[in-house]
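# Coordinate inspection notes
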Amino acid sequence: MKPHSGTLVIDISGSGKAEAYEGVYQCTAHNEHGTAVSNNIVVRQSRSPLWSKESNPPFVVQEGASLVLKCRPPAGLPPPVIFWMDNNFQRLSLSRRVSQGLNGDLYFSNVEVSDSRSDYICYARFPRTQTIQQKQPITVRVVNMDAINETWPGFLNETDFFGDGQTEERRPSFQVPSGPSSSMMVLRGQLLEMECIAEGLPTPEITWSKVSGELPSNRATYLNFHKTLRIAAVTEADSGQYRCTAKNTLGSIHHVITVTVKAAPYWIEAPQNLVLAPREKGQLICRASGNPKPSVSWFMDGLPIHNAPEDSRRKVEGDTIMFEDVVSGSSAVYQCNASNEHGYLLANAFVNVLSEPPRMLTPPNKVYQVIMNQRAALECYSFGSPIPKITWFKENHTNAALEGDPYIFYDNGTLVIPVAQATNSGKYTCVALNMLGKSDNHVHLEVKEPTRILKQPEYKVVQRNRDVVFECPVKHDPSLIPTMIWLKDNGELPDDERFVVDSDSLTITEVTESDAGTYTCIMNTTLDQDSASADLRVVEQPDPPSDLELTDQKPRSVQLTWIPGDDHNSPIKRFLIQYEDSLHDHGSWHNLTEVPGTRTTAHLKLSPFVHYKFRVMALNDVGYSLPSPSSRHYKTRAAAPDENPTGVEGLGTQPDNLVIHWKPLTGLQSNGPGLQYVVYWRQKYVDEDWHSVKVANVSKFTVQGTPTFTPYEVKVQAVNEHGSGPEPPPVTAYSGEDLPKAAPHNVQVQVINSTLAHVHWEPVSLSSVRGHLKGYKVYYSRKGSLHNHSPHHSEQQVLTFSGNRTHGKLPGLHPFSRYALNVRVYNGRGEGPASSDEDFATQEGVPGHPAFLRVVNPSLDSLTLEWGPPHDRNGRLTGYTLKYQPVNNSNELGPLKEVTVAANETSFTLPNLKYSTRYKFYFNAKTQKGPGPTITQEAVTVIDEAMASRQVDIATQGWFIGLMCAIALLILVLLIVCFIKRNKGGKYPVKEKEDAHADPEIQPMKDEDCTFGEYSDNEDHKPLKGSRTPSNGTVKRDDSDDSLVDYGDGGDGQFNEDGSFIGQYSGRKERDTAECIESSEAPSPVNAMNSFV
């Protein structure tokens, strides 16, 4: 026995004999707490006996008969492995006809002449002794009936198998097993092998089925050419009847094997070690099953329990021992033995009666890191007797024990959070408590953000020699150190400097075809990982086809075949076949036809009298390949033309000719030498013969002396030295046109409104057109205005109306004007004579804007306006409308007033105006049709110089200066008080007072308009105070964009010499800023006096 071990070593390497140590061994371990016993260990010597001496006479067998060669190996321990070989140590070939049985015998369903040999040798290999034993060779001679009758009668013996006649085909019969049925027993969990070997001619086929059920497909396999059915890990459900069927063309035979499954004992519940505290109770359970049902025996410290000392606190009931009120010192080892005729089970269970306070087994302050939404398991292994109760607490959790969702508590003390969240992070404390004391331990849980690939790499199709980038952006917990790994086809990236790995991307420069594959980015952290894959396909233009071959050669067709080139990972979509005509167009290649990319042949239709060479180009998604090498020449014989010129038409260029045009045939279409054209023509609707002429190398022919615009029939036929083309169809053509000789008459004009008129006329006769009627043209011009009768000759205008029209509309006319027009017909040659002029006048319209508007002679309380009449009066003026309104310094518009002025006036004075005030004017003319467009102007009345002088005088007085200083000082004191109150949390109630008074004259002050923006709710986009909607006649300041800047010479925002204010009052930022700066200065006496007026 080895020191400090329970291992027993038996050394038989010396003179000792192994047979002396054969037997059954059992190990017993003993200490002060009890005795444990091992299972029985059987020791036997491995044996490999020699084959017994025997003589094997030869087997002479008639061809087609069955044969069994017995092996009969010697019994060994363990049993030997059997196989058949020849003298050259080559395994014999097995098949459906020749097979080896489970017992090692060699079975022939039927023999053939080729089976004759003298070296059928059965070998037995003993695996433990590493030896092979050999049986004496067996000789088999297979002969047919004729050979037996002639040569063998004198050599036959009792081992020979033959009949009186020729061997015939026969139904199957079983060589093994024998009879119609058999039975076998197998133990649960073992391997079941059933065998059926049949003889017959032809060779039978074997099939298997279960009589009352299905074969277990996941555990059943067929061996030895379906002659052996093997079922692994047998269960009780595998009991039943199995049918094997042997079948050939002459019939079938069945054998039924009844399988019974028995079972050595196996555990249902094995006894477990038991730790009990004094006065506790417990039980040992030894529950096993088997077939037949096993019996259970109990032992205590290796002795049968009925021989152990009596103990009232211990009670045995069959397969259970129950303990109650145990006391210290009653510890022992109990053995349970469950056995039946097929085996036994033995288990030891230590019942330890122990008093122990809780002791923590989990290391303290252990840190657990998990990924969010994953399972977190916090361990709290402890030991104690009685078994401690485990309670969990979490820091900052009101010192209450954890319970309920989301926590799961296990008996071993483990706390599980099935779906961990960030809020679960923190410090946890587990407390183990029993009656003898308590122990605690602290662990820490850190819940981390998961690692996620934000965007999957995209599938890439890239041309060779270009760059490609796979992007793989990743988000991870910042406290975890990430590692990015890229794989190609689940392996490492090639060791190539073209592969550049960045933090979140992979770049491959100058891609080659070998780079194609699947690329996977893997982001690893210490806790988790995420991965994503994308494919790279490297493509380029296909290689050119090769090996062009011409077959099936005919006068007008040929078969072209080729071998496609490499498509470079982009399937070929189609092939383009081109040809060169070295006879007519040497050096130029032309497209002939296309075929799908799946084909490598094309049937080509050819033309006569062409010297062909062909080439092929392949097309994929990248583009066309280079052209293939050209084929050999293929010449077609000449023939008459197959077609005539196209595009035949006739058109006269002069009134007395007809020019016949056509599109010439190409050299490929000529079909032979000597190509010419026969041109035919004759007058249509006249009974006359065809006129013809033969021409060459031209595409037109002119027929002279034809009547004007007369229909003809023309045709052109191709001819060459081998004949004429097909009969061409005639085409209608017309001889040359002449100018029309008649003018439209009965022209009438209907005026629709001030700018539109409708013209009517009677058409000319078609015979007078002397050509193709293209349409009519209306020439019209303005003669002058109805306002004055002075002549006005505008440029003549023309409107064209295509087709045989009898009316048309003239848009865009000038109102209140005199017009004249005439109508002419036109054809392809030109225009005919004009009709007589027709005069008409348009109706009145609204006038244009006045020519100008300016302000002259400004004074303290009046302004004089001068204007010019509209250039385009468009009718009789009925008067003018003048509207005006004041504009104050805050850009607010005052009430709008309106004045009507007579049509013959060119000036008007507005009295009773307010001095030093800006006014805006709106002015337009009107006719009976209504008012015309408005122009605007602005001006300012003159300042009262006397009042200004008095203001200046007052401002120079000492008392006034003192008063102003006092006011300024008072304002300063008020501002300081306001500031102090605001700092103390109060609020200066200016805004509330302004809202309460709602005085429209009080303007809130902002930074841009010199006010305190803190108290203002005014916004830049709000309308000006005092403005009204146009429905009551008031025009807002911003409603008009016109000013004297648009119609005069004044500058923006400046006074003219006459004192008028030129420019549109628009409240621009520049002026507002200037006013703000000006008003922010110290108050002057003049400004103060103005505020009192």
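Residues numbered from 1 in each chain as written. Predicted model: local features only at pLDDT ≥ 70, side-chain atom pairs only at ≥ 80, totals over all residues. Heavy atoms only, no water.

The subject of this paragraph is the overall build of the protein. When you go through the protein residue by residue, the secondary structure sums to nine helices and 81 strands. Counting all 1093 residues of the protein, 39% fall into the buried class. Across the protein, contacts joining residues at least 24 apart in sequence account for 64% of those joining residues at least 6 apart. Surface accessibility of the protein: about 60,300 Å² in total, with carbon and sulfur atoms responsible for 51%. (Helix = DSSP H or I, 4+ residues; strand = E, 2+ residues; numbered from the N terminus. Buried < 20%, exposed > 50% of the residue type's maximum accessible area, 1.4 Å probe, protein only. Contact = heavy atoms within 4.5 Å. Areas by Shrake-Rupley, 256 points an atom, 1.4 Å probe, with all protein chains shown as cover.)

It is worth spelling out the state of the cysteines at this point. According to the stated counting rule, one finds five disulfides in the structure shown. One disulfide in the model links C196 with C244; its S-S distance is 1.9 Å. Around the S-S axis, the bridge from C196 to C244 shows a dihedral of about -70° and counts as left-handed. Within this pair, whereas C196 is found in the loop between β15 (192-195) and β16 (197-201), its partner C244 is found in strand β20 (residues 240-248), the two being separated by 48 residues in sequence. (Disulfide = S-S within 2.5 Å.)

Before going further, it helps to examine a nonpolar patch on the surface. Taken together, the side chains of L969, L972, V973, I976, V977, F979 and I980 define a hydrophobic patch exposed on the protein surface, amounting to about 650 Å² of accessible area. As for its placement among the helices and strands, V973 is situated in helix α5 (residues 958-983). The exposure class assigned to V973 is partly exposed, which follows from its relative accessible area of 41%. (Patch = residues over 30% accessible without salt bridge, like charges linked within 9 Å, V, L, I, M, F, W, Y side chains within 5 Å. Salt bridge = Lys/Arg side-chain N within 4 Å of Asp/Glu carboxyl O.)

With that settled, consider the sheet that holds strand β72 (residues 852-856). Strand order in the open sheet made by the three strands is β72-β73-β76, with antiparallel pairing throughout. Of all strands in the sheet, those bounded by a partner on one side alone are β72 and β76 (907-910). Sheet twist, expressed as the mean angle between neighbouring strand axes with direction ignored, is 20°. Examined bridge by bridge, β72 and strand β73 (residues 863-868) share five bridges and lie antiparallel to one another. Paired with V855 across the two strands is L865, which belongs to β73. (Pairing = 2+ DSSP bridges. Axes fitted to C-alpha atoms, helices over the stretch in contact; angles between N-to-C directions.)

Time to look at the sheet that holds strand β69 (residues 807-810). Strands sit in the order β65-β66-β69 across an open sheet of three strands; the sheet is antiparallel. On the outer flanks of this sheet lie β65 (745-751) and β69, each paired with one strand and no other. Strand-to-strand twist in this sheet, taken as the mean axis angle between neighbours without regard to direction, amounts to 20°. Across five bridges, β65 lies against strand β66 (residues 757-762) in antiparallel orientation. Looking at β66, one finds that Q748 is bridged to H760.

Let us look at the pattern of salt bridges. Taken as a whole and judged by the stated rule, the model has 33 salt bridges. A salt bridge links R464 to E540, with the shortest nitrogen-to-oxygen separation between them at 2.7 Å. Of this pair, R464 sits in the loop between β41 (460-463) and β42 (468-471) while E540 sits in the loop between β49 (529-539) and β50 (546-554), and the two are 76 residues apart along the sequence. Relative accessible area serves as the criterion here: at 15%, E540 is assigned to the buried category. A salt bridge links D621 to K573, with the shortest nitrogen-to-oxygen separation between them at 3.5 Å. Highlighted residues: D621 in the loop between β55 (611-619) and β56 (634-635) and K573 in the loop between β51 (557-563) and β52 (574-581), separated in sequence by 48 residues. Since its relative accessible area comes to 46%, K573 is described here as partly exposed.

Let us look at the nonpolar core. By size, the foremost hydrophobic cluster in this structure holds 21 residues, and its most contacted members are L67, L69, W84, L106, F108, Y120 and V140. Elements with a minimum of two residues in this core: β5 (59-62), β6 (67-69), β7 (81-85), β9 (106-108), β10 (117-126) and β12 (138-143). A per-element tally of this core places β10 first, with four residues. Beyond its immediate stretch of four places on either side in the chain, F108 contacts S66, L67, L69, R97, V98, D115, Y120, Q175 and E199. (Core = buried A, V, L, I, M, F, W, Y, C linked by side-chain atoms within 4.5 Å.)

This part takes up the confidence of the model for the protein. Taken residue by residue, the protein gives an average pLDDT of 85. The fraction at 70 or more is 86%. A low-confidence stretch, residues 158-162 (pLDDT under 50), is modelled with 16 contacts involving residues beyond four sequence positions or located in other chains. In the model, residues 986-1093 has pLDDT below 50 throughout and makes 164 contacts with residues more than four positions away in sequence or in other chains. (pLDDT = per-residue confidence, 0-100.)

Where β50 meets β51, five bridges bridge the pair, whose relative direction is antiparallel. In the sheet register, K554 faces β51, and the bridge partner there is S557. The turn linking β50 back onto β51 is made up of two residues.

With that settled, the discussion passes to the side chain of T245. Tracing the backbone shows T245 in strand β20. Within the local environment of T245, its side chain forms a polar contact with the side chain of H254, the two groups lying 2.9 Å apart. Once you skip the residues sitting within four places of it in the chain, T245 turns out to touch E205, I206, T207, S252, I253 and H254. (Polar contact = N/O pair within 3.5 Å; in protein donor to acceptor, adjacent residues only side chain to side chain.)

Let us look at the environment of F323. Summarising the element assignment, F323 is placed in strand β28 (residues 320-323). Between the C-alpha atom of F323 and that of V351, which follows or precedes it by 28 residues, the distance is 9.7 Å. Setting aside chain neighbours within four positions, we find F323 in contact with L274, L276, K281, G282, Q283, L284, R313, R314, Y334 and V351.

Summed over all chains, the structure comprises 22 aromatic pairs. Note on F709 and Y734: the rings are 4.7 Å apart at their centroids and 15° apart in plane angle, and the pair reads as stacked. Remark: Y734 occurs in strand β64 (residues 731-734) and F709 occurs in the loop between β61 (700-704) and β62 (711-720); sequence separation between them is 25 residues. Judged by centre distance (5.4 Å) and plane angle (45°), the ring pair of W761 and Y776 falls under tilted. (Phe/Tyr/Trp six-rings, centres within 6.5 Å; stacked < 30°, edge-to-face > 60°.)

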